[in-house]
Amino acid sequence: MTINIHDYRGKQHIYNSFRQTSAHPKQLYNDSRKYRYHKEHKTEKTTQLKIAAGSIVGTLIPMIFLAKRQSPKKQLSSIKDLFKINYGVKEMIAISAGSIAGGVGTGLIVDKNADKKRKLNEGVFQFLNASVPPIFVGGLLKITEKTKHLNNIPGKIAATAIGLLGGIPVATTLANKINDPKNLEPDRKVTLKDSIANIDDALGIFAMAKFPVVDKIPFEKILPAVYALCGFRAGQSN
């Protein structure tokens, strides 16, 4: 999930900016690309291709390592093994970190027009918002599995919702502290437009939650593409 770099609201609560967001569907759709990519000016096609390549390589490296580790023979027998990874919190963090590092690292080198500090800041926000909520959800799901009255579909849905709602502000607060330790700038906020624009970031949590209905959708096979796209977005932000 990406945080809106322009929507500053001083010291208000992290979710307050939802109240200032237009609910008009057409306006939300038109704004989604700006909030999704956080670009003030257009990135050249060749630069985009290089950043995409960096993000893909960054995604593949931890995937290869994880696929080998999870394989009974501790080696890859084919490229298909990369799409058989069993995703937990550690796997999600490793792959999201690789994709964002690849995308942002490449962007810092090839995107000459971008503000490097803001690109790094965007990478921090992308990573924390892709990793902290799954940590919260994963912890709560383990509690539901060990609690007799909560080990059911409603309990898992509640754990997922609470983990998301709790993890997002914590991730945002941590990113604000890391990016601006001396508190020289107003804190960045979460907006409804951000959430709509980056809804695909939640797919990893659905893959981990494994609800009976949702479990039939092969989220694990599309997660690599989702993480690579996260790295690409962070890498070309300017």
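Since the structure is predicted, the reported quantities are computational estimates derived from the model, not experimental observations.

Caption draft 1: Just a nonpolar patch on the surface, in detail. Taken together, the side chains of Ile135, Phe136, Val170, Leu174 and Ile178 present a nonpolar region at the surface, about 400 Å² in accessible area. Residue assignment for the nonpolar patch shows that the elements contributing at least two residues are helix H4 (116–146) and helix H5 (153–179). Looking at which element gives the most residues to the nonpolar patch, the answer is H5, with three residues. On the secondary structure map, leucine 174 appears in helix H5. Residue leucine 174 is classed as partly exposed on the basis of its relative accessible area of 41%.

Caption draft 2: Structural view of the side chain of serine 96. Here serine 96 lies in helix H3 (residues 89–110). The exposure class assigned to serine 96 is buried, which follows from its relative accessible area of 1%. Reaching out from serine 96, the side chain makes a polar contact with the backbone oxygen of isoleucine 93 at a distance of 3.1 Å. With sequence-adjacent residues up to four places away left out, serine 96 is seen in contact with Phe127, Ala130 and Tyr227.

Caption draft 3: Quick look at the pattern of salt bridges. Across all of its chains, the model carries two salt bridges by this definition. Across the pair glutamate 91 and arginine 69 runs a salt bridge whose closest N-O atoms are separated by 3.5 Å. Pair noted here: glutamate 91 is in helix H3 and arginine 69 is in helix H2 (residues 45–70), with a separation of 22 residues, a long-range link. The partner of lysine 119 in a salt bridge is aspartate 111, with the nearest N and O atoms 3.2 Å apart. Here lysine 119 falls in the buried class, since its relative accessible area comes to 1%. With a relative accessible area of 5%, aspartate 111 lands in the buried category.

Caption draft 4: How the structure looks around the nonpolar core. With 20 residues, the main nonpolar core has Ile85, Tyr87, Ile95 and Leu223 as its most contacted residues. If you tally residues by element for this core, the top one is helix H7 (residues 203–209), at five residues. If sequence neighbours within four positions are ignored, isoleucine 95 has contacts with Thr59, Pro62, Met63, Leu66, Tyr87 and Tyr227.

Caption draft 5: Focus on the environment of lysine 156. Mapped onto the secondary structure, lysine 156 falls in helix H5. Classification of lysine 156 as buried rests on a relative accessible area of 19%. When the C-alpha atoms of lysine 156 and isoleucine 143 are compared, they prove to be 9.6 Å apart, with 13 residues separating the residues in sequence.

Caption draft 6: Quick look at helix H8 (residues 219–236). Given a rise of 1.5 Å per residue, 18 residues ought to cover 26 Å, and the 25 Å separating the end C-alpha atoms of H8 matches this to within 8%. Burial within H8 is extensive, with 14 of its 18 residues counted as buried.

Parameters at a glance
- Going along each chain's sequence as written, the residues are numbered from 1 onward.
- Only residues with pLDDT of at least 70 are given local features in this predicted model, and only at 80 or more are side-chain atom pairs given and counted; all residues enter the totals for whole chains, interfaces and linings.
- Side-chain descriptors were evaluated using all non-hydrogen atoms of the structure, hydrogens and water having been removed beforehand.
- Exposure above 30% relative accessible area and no salt bridge define the residues that can form patches, which grow by joining like charges within 9 Å and nonpolar side chains of Val, Leu, Ile, Met, Phe, Trp and Tyr within 5 Å.
- Note on areas: Shrake-Rupley with a 1.4 Å probe; residue coverage comes only from the protein chains shown.
- Between Lys or Arg on one side and Asp or Glu on the other, a salt bridge is scored when a side-chain nitrogen of the former is within 4 Å of a carboxyl oxygen of the latter.
- To qualify as a helix, a DSSP run of H or I must reach at least 4 residues; to qualify as a strand, a run of E must reach at least 2; elements of each kind are numbered from the N terminus.
- Note on exposure labels: buried denotes an accessible area under 20% of the residue type's maximum, exposed denotes more than 50%, and partly exposed covers the range between, all computed with a 1.4 Å probe on protein chains only.
- For this analysis, a polar contact is any N or O atom pair within 3.5 Å, provided that within protein one partner can donate a hydrogen and the other can accept it, and provided that sequence-adjacent residues contribute only side-chain to side-chain pairs.
- For this analysis, residues touch if any pair of their heavy atoms sits within 4.5 Å.
- We call a set of buried Ala, Val, Leu, Ile, Met, Phe, Trp, Tyr and Cys residues a nonpolar core when their side-chain atoms join them within 4.5 Å.
- Here the expected span of a helix is defined as 1.5 Å times the quantity of residues minus one.

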